[in-house]
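Coordinates in review
Take a look at the letters that make up each chain.
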Amino acid sequence: MEDRLLTLHPEGKKGVNIMVSKYTIMKEFILKTLSEREKISYKELNKLAIASLKDSFEGSVAWYLVSVKLDLEARKIIERIPGTSPHLLRLCKKIG
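Small disclaimer: the values here were computed from a predicted structure and weren't measured.

1. Here we look at the pattern of salt bridges
A full pass over the atoms with the stated rule returns seven salt bridges. Two residues, Lys47 and Glu44, come together in a salt bridge whose shortest N-O distance is 4.0 Å. Of this pair, Lys47 and Glu44 are both found in helix 2 (residues 42-53), three residues apart, which corresponds to roughly one turn of the helix. Of the residues examined, Lys47 reaches a relative accessible area of 55% and is grouped as exposed. Ionic pairing is found between Lys69 and Glu73, a salt bridge with its closest N-O pair at 2.5 Å. Of the two residues, Lys69 and Glu73 both sit in helix 3 (residues 61-74), four residues apart, roughly one turn of that helix. In terms of burial, Lys69 and Glu73 fall into one category: buried. Among the charged side chains, a network of salt bridges with common partners joins Lys69, Glu73 and Arg80.

2. Some details on the packing of aromatic side chains
Applying the stated criterion to the full structure yields two aromatic pairs. An angle of 70 degrees between the planes, with centres 5.2 Å apart, marks the rings of Phe57 and Tyr64 as edge-to-face. On the accessibility criterion, Tyr64 (12% relative accessible area) is buried. Geometrically, the ring pair formed by Trp63 and Tyr64 is edge-to-face, given 4.8 Å between the ring centres and 85 degrees between the ring planes. Grouping aromatic residues by their ring pairs yields a cluster made of Phe57, Trp63 and Tyr64.

3. Notes on the sheet that holds strand 5 (residues 88-91)
Strand order in the open sheet formed by three strands is 3-5-4, with antiparallel pairing between adjacent strands. Strands at the two margins of the open sheet, each flanked by one partner only, are strand 3 (40-41) and strand 4 (78-80). Strands strand 4 and strand 5 of the sheet are contacted by helix 3, whose axis makes an angle of about 95 degrees with strand 4.

4. Here we look at helix 3
The terminal C-alpha atoms of helix 3, which comprises 14 residues, lie 20 Å apart, in line with the 20 Å expected from a rise of 1.5 Å per residue. Along helix 3, 10 of the 14 residues are buried, which leaves the element largely enclosed by surrounding structure. All of the buried residues in helix 3 are Val61, Tyr64, Leu65, Ser67, Val68, Lys69, Leu70, Asp71, Leu72 and Glu73. At its buried positions, helix 3 is contacted by strand 2 (17-19), helix 1 (20-36), helix 2, strand 4 and strand 5.

5. Focus on the pairing of strand 5
Bridge count between strand 3 and strand 5: two bridges; the pairing is antiparallel. Paired with Ile40 across the strands is Leu89, a residue of strand 5. Here strand 4 pairs with strand 5 via three bridges, running antiparallel. From the neighbouring strand, Arg80 faces strand 5, where its bridge partner is Leu89.

Conventions we followed
- Residues numbered from 1 in each chain as written.
- Predicted model: local features only at pLDDT ≥ 70, side-chain atom pairs only at ≥ 80, totals over all residues.
- Heavy atoms only, no water.
- Salt bridge = Lys/Arg side-chain N within 4 Å of Asp/Glu carboxyl O.
- Helix = DSSP H or I, 4+ residues; strand = E, 2+ residues; numbered from the N terminus.
- Buried < 20%, exposed > 50% of the residue type's maximum accessible area, 1.4 Å probe, protein only.
- Phe/Tyr/Trp six-rings, centres within 6.5 Å; stacked < 30°, edge-to-face > 60°.
- Pairing = 2+ DSSP bridges.
- Contact = heavy atoms within 4.5 Å.
- Axes fitted to C-alpha atoms, helices over the stretch in contact; angles between N-to-C directions.
- Expected span 1.5 Å × (residues − 1).

Written out as structure tokens, the structure reads:
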């Protein structure tokens, strides 16, 4: 049986229990995309994820994307840029 991970939610809501392998694929996609761009809308990130992963990823790309995105926000790895509508995402700034 494959290892699973309980995701976090930035608003303290209950996370979801997903396979580590799927979490890792989605996390790497999000971080790679955000490292290549200063900022991106969720809609654009979702469009890129579906285009890039639909043929190789088993399951709903959109569902896993939002679940992992929320987890990364809760862990302060990525953030929503305040005051943007629709909201834009970026990597959190590292201190030090």
